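# What the coordinates show
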Amino acid sequence: MLDQILRVAVAGNPNAGKSTLFNTLTHGREKTGNYPGITTEAKRGLWHDLSLFPAGAPRVELLDLPGAYSLHAHSPEEAVSYRVLSDGAPGSEAPQALIVVVDVMNLERNLFYALQLLELGRPTVVALSMTDRLAAQGGTLQLQRLAEVLGVPVVDARRDDPATPKRLADALVQAMAAPGAERRWIWPDAQVEASFRDLADRLAEATASERRGADGTLGWWLSSQVEAGEISPATAPLRAELDALAARYFTGEPGVPARDQMARAAIEARYAWIDRKVAPLLDLPASAESRSDRIDRVVTHPVAGPLLFLATMGLLFQLMFVGADPLISRIEEAFGALGRWLGGALPQGPLNDLLVNGIVAGVGSVVVFLPQIAILFALLAFLDGCGYLARAAFLMDRVMARVGLHGKSFVPLLSSFACAIPGIASTRTIERENDRFITILVAPLMTCSARLPVYALLLATFFSDRPAIGGVINQAALGLFLLYFLGTAGALAMAWLLRKTLLPGSRPPLILELPPYRLPRARDVWYEVRERCIGFAKDAGTVILATTILLWAAMTYPRAPEVEARFDAQLSALHDTAPAADAPLAAVAAHRVQVLRLQQERHHAVTERTVAGRVGHFILPVLRPLGFNEQISIGLIASLAAREVLVSSLGVSYGVGDDEESQGLRMALRNDPRMNRATAISILVWFVFAFQCFATAGAVRRETRSWKWPALLVGYQTLLAWVASFVAYRGALWLGLGGP
Amino acid sequence: MHPTLAQLPAGRTARVTDLRGCAESCQRLMEMGFTRGTLVEVLLRGTPSLIRLRHGRVTLSAELAQAVLVG
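Rules of the game
- Residues numbered from 1 in each chain as written.
- Chains lettered and ligands numbered in written order.
- Predicted model: local features only at pLDDT ≥ 70, side-chain atom pairs only at ≥ 80, totals over all residues.
- Heavy atoms only, no water.
- Contact = heavy atoms within 4.5 Å.
- Buried area = accessible area lost by both parts, 1.4 Å probe.
- Salt bridge = Lys/Arg side-chain N within 4 Å of Asp/Glu carboxyl O.
- Polar contact = N/O pair within 3.5 Å; in protein donor to acceptor, adjacent residues only side chain to side chain.
- Helix = DSSP H or I, 4+ residues; strand = E, 2+ residues; numbered from the N terminus.
- Nonpolar A, V, L, I, M, F, W, Y, C, P; charged D, E, K, R; others polar.
- Pairing = 2+ DSSP bridges.
- Buried < 20%, exposed > 50% of the residue type's maximum accessible area, 1.4 Å probe, protein only.
- 1 Å grid on protein atoms, 1.4 Å probe; cavity = no way out; pocket = protein on both sides within 12 Å on 5 of 7 lines; lining within 4 Å.
- Points joined across faces, edges and corners; volume = space filled by probe spheres on them.
- Phe/Tyr/Trp six-rings, centres within 6.5 Å; stacked < 30°, edge-to-face > 60°.
- Axes fitted to C-alpha atoms, helices over the stretch in contact; angles between N-to-C directions.

## Section: the interface of chain B and chain A
Taken together, the contacts link 32 residues of chain B with 39 residues of chain A. The contact between chain B and chain A buries some 3300 Å² in all, and 52% of this surface belongs to carbon and sulfur atoms. Looking at the side of chain B facing chain A, the largest losses of area belong to B:R28, B:R54 and B:R57, adding up to 23% of the total buried there. Where chain B packs against chain A, one counts seven salt bridges. Between B:R57 and A:D293 there is a salt bridge; the shortest N-O distance is 3.2 Å. One can count 14 residue pairs in polar contact (both at pLDDT 80 or more) joining chain B with chain A. Of all elements in the fold, only β1 (13-19), α1 (23-31), β3 (49-53), β4 (56-60) and α2 (62-67) of chain B reach the threshold of two or more residues within the side of chain B that touches chain A. In the side of chain B that touches chain A, the residues fall into 13 nonpolar, 10 polar and nine charged. With three bridges joining them, strand β12 (residues 511-513) of chain A and β4(B) adopt antiparallel strand pairing.

Take a look at the structure:
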């Protein structure tokens, strides 16, 4: 242990308890960032309690690898582990040791991946999770014998035992001190070993000399699995040799490529080894029915299951809205107050304007998303920790299958109800690229929280006091439901269309593990929420802030000082003729209206000459068939920073209060002769479908590694929004909703 | 001809005899424990079906359940 920092990867199957262990060891003090050499985010953190290690030992940095079932990756998320572990480039930060988390309740299947990791030949500790549950069910595992069989330290790493970190630290020290592990490859039989050993050794040496697979111990099996793109000049001839040898040896099944047969033989060899050597060490009474089985009997029931699912989703949305609402108002108030204070405290001028209307407003429009994102991800982390999300994916698979997606697309789409950006990131668990891209491209149609202020304003202004469905609910509530429904239906329809056209494919096969139910720890949920919020602020926040500042500039420049001066002179003249405080009320009111009207005119005249005003004017002919006026047109441009900006933009252009609760804004909208229920419906439908968020385009670019898909997203959303708004507007006019 | 996992009624237990016609997915099935000789139990039949194997529970879409031959 000469290095100053010892890098240790924490690996294991999904649901094995990896992140829980990582949180326990790091006390949640992690940093998320791009892992050097790969572009995927990985969580890293320092082992918190240094006193567990001998004096002078290096600090231990832990790397939380995404859960995987095999080093042979089937999804982008799984690919991370292989890329990190095989990265042996000079100066790389490849982990020097491994902690492999193995769920004892699922010992055989977890050990499969563990065996692959052991074949890498790095110092390794096997950490057994869920041992408390094993004991509770009356089972036992011969831990010492397992360590002997595996040839590495094996420790009991149960979740709620304070001694777990100490046991792991001791085992890690022991593993690091052990002499270099020899290659432990598991061969199907002696004949295969005799035939392949020499070639596999040479392959391993070749990969080692390229410093891929730091110790050069990528097994013969792994060599045969590496994606074609990763063949390098040095290994290419050897791989050809491997293929030739495989073709001679693995001929048992006609029609199956020899290399596939070889891979299958390797998998079966591992499981056979586990069945022979490890299974006898585990004594797990075949209890009649576990607690999870009993819960699943209800949760996966054909009738009760979907009902429970709907109730859960209903509760989730209820908590999300009710819980976030007061926080959102607080945040809006606080940023409004901050803006007013700054605006007053600093000298007038462009800098003041930039600070108040650009930066403070921009930061505010990022922070305002956080309550809903935090609440949704707290609930999702809880449901995931319990094991319910896997069941939800199971239940939704049938619905998703109708549009050519599978159950794993469900969670990303659900997350998109808060914000599409984390939703898009969570598609990494989907195996096939086409399935994943479809999910990414339709996620922005789910109704995110940024649309809500716009929905709230327009629904409250034009529909709130009218009863619907025989007075059971009012039209505004019904409208909100319809808008959510429209977005979801649009997403599913687009998924179907993309599947039929640009991203074809058969129905994706679903293989999903349903983990045992378990109550998650509060701190694991909290760390997850914190990570999501920081991630959102970093990814989306920077783009939203930048766009807000850019749009502030577009809405401000070029300035027209002569126009401003002319209006200011008129305003000040008007101010001089103000009636005295004790004048008749009618006179005061009339004067106030005059001032407001002049301010509004000033705003229009100034905005008209800015970049945004010109663009708004330029695109107006395209938007006019949808019933949009110039204010809306400019507002739509402003809302490219973030959708909810439409509200404040309208507020400013009507010269009244600028939030969706503002009575003034509602009055102004109602009194505008160009606005009516038909135009409101048209705007609402536009907001359901239109592309209005550059941060989303950035996320799509990052996940698809191409500008083609974000371009397609912008194109199809705009077209869809236009057509849908046009149909909605004309339909509303036909229904007679175009009147006052 | 062996029946497939998709044809087993709920509650039945059988051993995997082979996998066929699923290429990439077959490999994943095997990695998740569906190797020849493994004991599997059908907990729920349908799309997708729910299977117990090696102390765990895995859900499979119909195409995959059809790819697992049992006997």
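## Topic: the pairing of β3(B)
All names here are of chain B. The buried fraction of β3 amounts to four of the five residues, a majority that puts the element mostly inside the structure. As judged from the four bridges shared by strand β2 (residues 39-44) and β3, these two strands associate in the antiparallel manner. When the sheet's bridge partners are listed, V40 is paired in β3 with L53. Inspection of the sheet shows β3 paired to β4 by five bridges, in the antiparallel sense.

## Looking at empty space enclosed by the protein
Residues and elements named next belong to chain A. Evaluated as defined, the whole model comprises six cavities of 30 Å³ or more. Counted as a void, the largest cavity has a volume near 140 Å³. Around the largest cavity, the lining comprises 20 residues; the ones closest to its centre are C419, C448, R643, C693 and T696. Secondary-structure elements contributing two or more residues to the lining of the largest cavity are α17 (420-425), α21 (522-556) and α29 (694-704). Looking at which element gives the most residues to the lining of the largest cavity, the answer is α21, with three residues.

## Thoughts on the pattern of salt bridges
In the structure shown here, the tally under the stated rule is 32 salt bridges over all chains. Measuring nitrogen to oxygen at the nearest pair gives 3.4 Å for the salt bridge that ties A:E531 to A:K43. Here A:E531, found in helix α21, pairs with A:K43, found in strand β3 (residues 41-46); they are 488 residues apart in sequence, far enough to count as distant. Among the residues examined, A:E531 registers a relative accessible area of 23% and is labelled partly exposed. Judged by relative accessible area, which is 12%, A:K43 ranks as buried. Of the charged contacts in the structure, one is a salt bridge between B:R28 and B:E31, with a shortest N-O distance of 3.0 Å.

## Digging into the packing of aromatic side chains
Any aromatic ring pair is given by two values, namely how distant the centres are and how the planes are angled relative to each other. All names here are of chain A. In total, this model carries 11 aromatic pairs over all chains according to the counting rule given. With a centroid separation of 6.2 Å and 80 degrees between ring planes, the pair formed by F317 and Y484 is classed as edge-to-face. Placement of the pair is F317 in helix α12 (residues 304-345) and Y484 in helix α20 (residues 475-500), with a sequence separation of 167 residues. A single burial state applies to F317 and to Y484, both of which are buried. Measuring from centroid to centroid gives 5.9 Å for F691 and F694, while their planes differ by 80 degrees, and the two rings are edge-to-face. For F691, a relative accessible area of 10% corresponds to the buried category. Connected via pairs of aromatic rings, a cluster forms that spans F317, F417 and Y484.

## Here's the deal with the sheet that holds β4(B)
The antiparallel open sheet is built from six strands, whose spatial order is β12(A)-β4(B)-β3(B)-β2(B)-β1(B)-β5(B). The open sheet has two edge strands, β12 of chain A together with β5 (68-70) of chain B, and neither has a second partner. Neighbouring strand axes in the sheet, compared pairwise and without regard to direction, differ in orientation by 40 degrees on average. Bridge count for β1(B) against β5(B) is three bridges, and the pairing is antiparallel. Looking at β5(B), one finds that B:V16 is bridged to B:V70. Here helix α15 (residues 388-402) of chain A sits on the sheet in contact with β12 of chain A together with β2, β3 and β4 of chain B, set at roughly 150 degrees to β12(A).

## Some details on the environment of A:F382
Residues and elements named next belong to chain A. For F382, the position within the fold is in helix α14 (residues 370-386). Sequence spacing of F382 and E528 is 146 residues, and the spatial spacing of their C-alpha atoms is 9.6 Å. Not counting residues up to four positions away in its chain, the partners in contact with F382 are L519, P520 and V525.

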